[in-house]
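Structure assessment
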Amino acid sequence: MFGALTGVHVLVLIAFLALDVVALVQVWRDRRRSDAIKILWTVVILFVPVVGVLGWAVNWLLGKAADRLNRGSSA
């Protein structure tokens, strides 16, 4: 079953695992989100790895952009 894994496959798997870990750490460090939202993101990231990480990344980046816009309009 794993005999067909090459070095490139292993590198891609390690990259996805690293992205999962980074996403999970960022989810749980976010103080603006409730625990229920953190648990939901954790489940999505773990059970739908590629789509979950991409969804989290888009959500995180949009949140950062919204924060910048809010800070800019407050000043």
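Our subject in this report is the structure included herewith.

The rules behind the values
Residues numbered from 1 in each chain as written. Predicted model: local features only at pLDDT ≥ 70, side-chain atom pairs only at ≥ 80, totals over all residues. Heavy atoms only, no water. Helix = DSSP H or I, 4+ residues; strand = E, 2+ residues; numbered from the N terminus. Buried < 20%, exposed > 50% of the residue type's maximum accessible area, 1.4 Å probe, protein only. Contact = heavy atoms within 4.5 Å. Areas by Shrake-Rupley, 256 points an atom, 1.4 Å probe, with all protein chains shown as cover. Lys, Arg positive; Asp, Glu negative; His and termini not counted. Charge placed at Lys NZ, Arg CZ, Asp CG, Glu CD. Salt bridge = Lys/Arg side-chain N within 4 Å of Asp/Glu carboxyl O. Axes fitted to C-alpha atoms, helices over the stretch in contact; angles between N-to-C directions. Parallel < 35°, antiparallel > 145°, perpendicular 65-115°, else oblique. Nonpolar A, V, L, I, M, F, W, Y, C, P; charged D, E, K, R; others polar. 1 Å grid on protein atoms, 1.4 Å probe; cavity = no way out; pocket = protein on both sides within 12 Å on 5 of 7 lines; lining within 4 Å. Points joined across faces, edges and corners; volume = space filled by probe spheres on them.

Another point: the overall build of the chain. Helix and strand counts for the chain come out as three helices and zero strands. When the helices and strands of the chain are placed in sequence order, the string is α-α-α. Considering only C-alpha atoms, the chain reaches an extent of 60 × 25 × 15 Å along its principal axes. For the chain, with 75 residues in total, the buried portion stands at 17%. Considering only contacts in the chain between residues 6 or more positions apart, those separated by 24 or more positions represent 38%. Counting only carbon and sulfur atoms, one obtains 73% of the accessible surface of the chain, whose full area is about 5,900 Å². Once the 8 positive and 4 negative side-chain charges of the chain are each reduced to a mean point, those two points are 7 Å apart.

All right, on to the side chain of Asp20 then. When you line up the elements, Asp20 lands in helix α1 (residues 7-29). As a buried residue without a salt bridge, Asp20 has its nearest oppositely charged side chain in Arg29, at a separation of 17 Å. Those residues in contact with Asp20, other than ones at most four positions away along the chain, are Ile45, Pro49 and Val53.

Let's shift gears to the packing of α1 against helix α2 (residues 35-47). Geometry of a packed helix pair, given as the angle between the helix axes and the separation of the axes. Direction vectors running N to C along α1 and α2 enclose 175°, while the axes themselves pass 9 Å from each other. For the element pair α1 / α2, the angle class is roughly antiparallel. Contacts between α1 and α2 involve Asp20, Ala23, Leu24, Val27 and Trp28 on the former and, on the latter, Asp35, Lys38, Ile39, Trp41, Thr42, Ile45 and Leu46. Among the residues making up the contact of α1 with α2, the classes are represented as eight nonpolar, one polar and three charged.

In this section: empty space enclosed by the protein. Taken as a whole and judged by the stated rule, the model has one cavity of 30 Å³ or more. Estimates place the volume of the largest cavity at around 90 Å³. Lining the largest cavity, in full, are Gln26, Val27, Asp30, Arg33, Ile37, Lys38, Trp41, Trp56, Asn59 and Trp60. A breakdown of the residues in the lining of the largest cavity according to their chemical character gives five nonpolar, two polar and three charged.

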